[in-house]
Amino acid sequence: MTKPRILQVGSLAGSPSANARLADTYDVFELWKHEDRARALAEHAQDITVLVTSANMGANAELIDALPSLKAICSWGVGFETIALDAARERGVQVSNTPDVLTDCVADLAWGLMIAGARRMSLGDRFVREGKWGQVHGSIPLGTRVSGKKLGIIGLGRIGEAIARRGQGFDMEVRYHNRRQRDDVPYGYEASLVELARWSDFLVVATVGGPGTRHLVDQQVIEALGPKGLIVNIARGPVIDEAALVAALQAGKLGGAALDVFEHEPKVPDALKQHDDTVLLPHIGSATYETRLAMENLMLDNVKAYFETGKVITPVE
Ligand code: 8YV
């Protein structure tokens, strides 16, 4: 039996077996292996109906336009700001992502970052590795207590809510800022992000990315969080104005930053690397074996469902 043809935008090397499983079942057109993409698409991809991509590789309008037979885009990852949804909708192309399966691991990582930032775990780790630990206990500066503090969350979607739920286990009061107030959660709503920042000890960014949230966390929000506050970002780098963040840290106007995402990944400003009150991770929110496998399964289920029924199972909302 001939394998159905699909287009894969780039390697899914961050998933346990996605590349191999796609190649087993489908005749994969590997776009990333072609230097002249436009020419390769024109010559070999005109009949392709399904495109596989990821949250970071996306699918822009130019790519969608170059695929006249395209019917479905199946993405590995929950974020979809890199996919040209308007172009897809205009053409009636379905778009699926992998929601829910990564919620817990991303929320866990937000907590890891929050505790690491407050308790200076990266600094302590460097201190031990560099052989600086002598006989004196606690010879790095004192950290900040986490339990019982005030937790502010920007974006109370699936992941924001999972972060909030974990806050109850730490006896924290939780408030949130969202596009709209929710009447199905026990947390306080702050219509003003600046007010939320002023109230919070810890402010966690869990909102969607894209032009609508770019630099939502600006100088005013950062300074409202203040010299004792810690900002955590597990969402998308551009939600925070990174230049304003660096300036506030350097001026002592912000207590610390614990970040899994950056404005120009994989570039991280030297000023953040050199600062003692930062924790920096290479975008690993979903990067556990279990979660990456679940994302892979859901992406593959969407591709299969399209070929079998003409409909993806988790369309982006
Ligand atoms: C992925 C993510 O690691 O799902 C998302 O939106 O940001 C992460 O889970 C990655 O972006 C997949 O490309």
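Computed from a predicted structure; not experimentally measured.

(A) Quick peek at the pairing of strand β9 (residues 202-205). Residues F202 and V204 of β9 are buried on one face, and the alternating residues L203 and V205, pointing to the opposite face, are buried as well. As judged from the 4 bridges shared by strand β6 (residues 150-154) and β9, these two strands associate in the parallel manner. Its bridge partner lying in β9, G152 is registered against L203.

(B) Focus on the sheet that holds β9. Read from one edge to the other, the open sheet built from 7 strands follows the order β8-β7-β6-β9-β10-β11-β12, with strand pairing classed as parallel. Looking along the sheet, the strands with just one partner apiece sit at the ends: β8 (188-189) and β12 (278-280). For strand β11 (residues 256-259) and β12, the ladder comprises 3 bridges, and the chain directions are parallel. For L259, the partnering residue across the bridge sits in β12 and is L280. Lying over the sheet, helix α5 (residues 103-118) contacts β6, β9, β10 (230-233), β11 and β12, oriented at roughly 150° with respect to β10. The sheet contacts of helix α10 (residues 242-250) involve β10, β11 and β12, and relative to β11 the element is tilted by about 140°.

(C) A look at the nonpolar core. Core analysis: the largest hydrophobic core is formed by 48 residues, its most contacted members being L22, M114, L151, I153, I163, I234 and M299. With 9 residues, α5 is the single largest residue contributor to this core. If sequence neighbours within four positions are ignored, L151 has contacts with W111, M114, I163, G167, M172, E173, V174, R175, W199, S200, F202 and V204. Core analysis: the next-biggest nonpolar cluster, separate from the first, contains 27 residues, A197, V221, A224 and L225 among them.

(D) Region of interest: the pairing of strand β2 (residues 27-30). Bridging between strand β1 (residues 5-8) and β2 involves 4 bridges; their strand directions are parallel. Residue pairing in the sheet places R5 in a bridge with D27 of β2. Taken together, β1, helix α1 (residues 18-25) and β2 form a β-α-β motif whose crossover is right-handed.

(E) Representation of the packing of aromatic side chains. Under the defined criterion, the tally for this structure stands at 4 aromatic pairs. Taken together through their ring pairs, the aromatic side chains of Y26, Y306 and F307 make up a single cluster.

(F) Quick look at the pattern of salt bridges. On inspection of all chains with the given rule, the structure shows 22 salt bridges. Residues E43 and R39 are paired through a salt bridge, measuring 3.2 Å at the closest nitrogen-oxygen approach. A residue pair is termed a helical-turn pair when its members lie 3 or 4 positions apart in one helix, as E43 and R39 do in helix α2 (residues 37-44) at 4 residues. Within this structure, R5, D27 and D47 form a network of salt bridges that share partners.

(G) View of the side chain of E263. When you line up the elements, E263 lands in the loop between β11 and α11 (270-274). With a relative accessible area of 14%, E263 lands in the buried category. There is a polar contact of 2.7 Å between the side chain of E263 and the side chain of H215. Excluding residues within four positions of it along the chain, E263 makes contact with R214, H215, G237, P238, I240, D241 and E242.

(H) Seen up close, the environment of S17. Looking at the secondary structure, you find S17 in the loop between β1 and α1. For the pair S17 and N297, spaced 280 residues apart in sequence, the C-alpha to C-alpha distance is 9.6 Å. When neighbours within four sequence positions are excluded, S17 is seen to be in contact with L293 and E296.

(I) Structural detail: the packing of α5 against helix α7 (residues 158-169). It is the contact of α5 with α7, at a shortest axis distance of 9 Å, that shows an interaxial angle of 55°. Here α5 lies oblique to α7, going by the angle between them. Judged by the twist between their axes, the crossing of α5 over α7 is right-handed. Packed against α5, whose contacting residues are T103, D104, V106, A107, D108, A110 and W111, the element α7 presents R158, I159, A162, I163, R165, R166 and G167 at the interface. Class assignment for the residues of the contact of α5 with α7 results in 7 nonpolar, 2 polar and 5 charged.

(J) Expanded view of the environment of G255. One can find G255 in the loop between α10 and β11. Given a relative accessible area of 23%, G255 falls into the partly exposed group. Note: C-alpha distance between G255 and L63 (192 residues apart in sequence) is 43 Å. Not counting residues within four places of it along the chain, the set of residues in contact with G255 comprises G226, P227, K228, G229, L249 and D277.

(K) Inspection of the domain arrangement of the protein chain at higher detail. Parsing the protein chain into structural domains produces domain 1 (5-97 + 290-309) and domain 2 (103-280). Inter-centroid distance (C-alpha atoms) of domain 1 to domain 2 is 33 Å. The interface is formed by 4 residues belonging to domain 1 together with 4 residues belonging to domain 2. Interface of domain 1 and domain 2: buried area, both sides summed, is about 370 Å²; carbon and sulfur atoms make up 56% of it. Counting across the domain 1 and domain 2 interface gives 1 salt bridge. Residue R236 pairs with E81 through a salt bridge whose shortest N-O separation is 2.6 Å. Seen at the junction of domain 1 and domain 2, the total is 1 residue pair in polar contact (both at pLDDT 80 or more). Each residue belonging to the side of domain 1 that touches domain 2 can be placed in one class, and the counts come to 1 nonpolar, 2 polar and 1 charged.

Reading the values: the criteria
Residues numbered from 1 in each chain as written. Predicted model: local features only at pLDDT ≥ 70, side-chain atom pairs only at ≥ 80, totals over all residues. Heavy atoms only, no water. Buried < 20%, exposed > 50% of the residue type's maximum accessible area, 1.4 Å probe, protein only. Helix = DSSP H or I, 4+ residues; strand = E, 2+ residues; numbered from the N terminus. Pairing = 2+ DSSP bridges. Contact = heavy atoms within 4.5 Å. Axes fitted to C-alpha atoms, helices over the stretch in contact; angles between N-to-C directions. Core = buried A, V, L, I, M, F, W, Y, C linked by side-chain atoms within 4.5 Å. Right-handed = clockwise from strand over helix to strand, strands pointing away. Phe/Tyr/Trp six-rings, centres within 6.5 Å; stacked < 30°, edge-to-face > 60°. Salt bridge = Lys/Arg side-chain N within 4 Å of Asp/Glu carboxyl O. Polar contact = N/O pair within 3.5 Å; in protein donor to acceptor, adjacent residues only side chain to side chain. Parallel < 35°, antiparallel > 145°, perpendicular 65-115°, else oblique. Left-handed = near helix turned anticlockwise from the far one by under 90°. Nonpolar A, V, L, I, M, F, W, Y, C, P; charged D, E, K, R; others polar. Domains from an automatic or database assignment. Buried area = accessible area lost by both parts, 1.4 Å probe.

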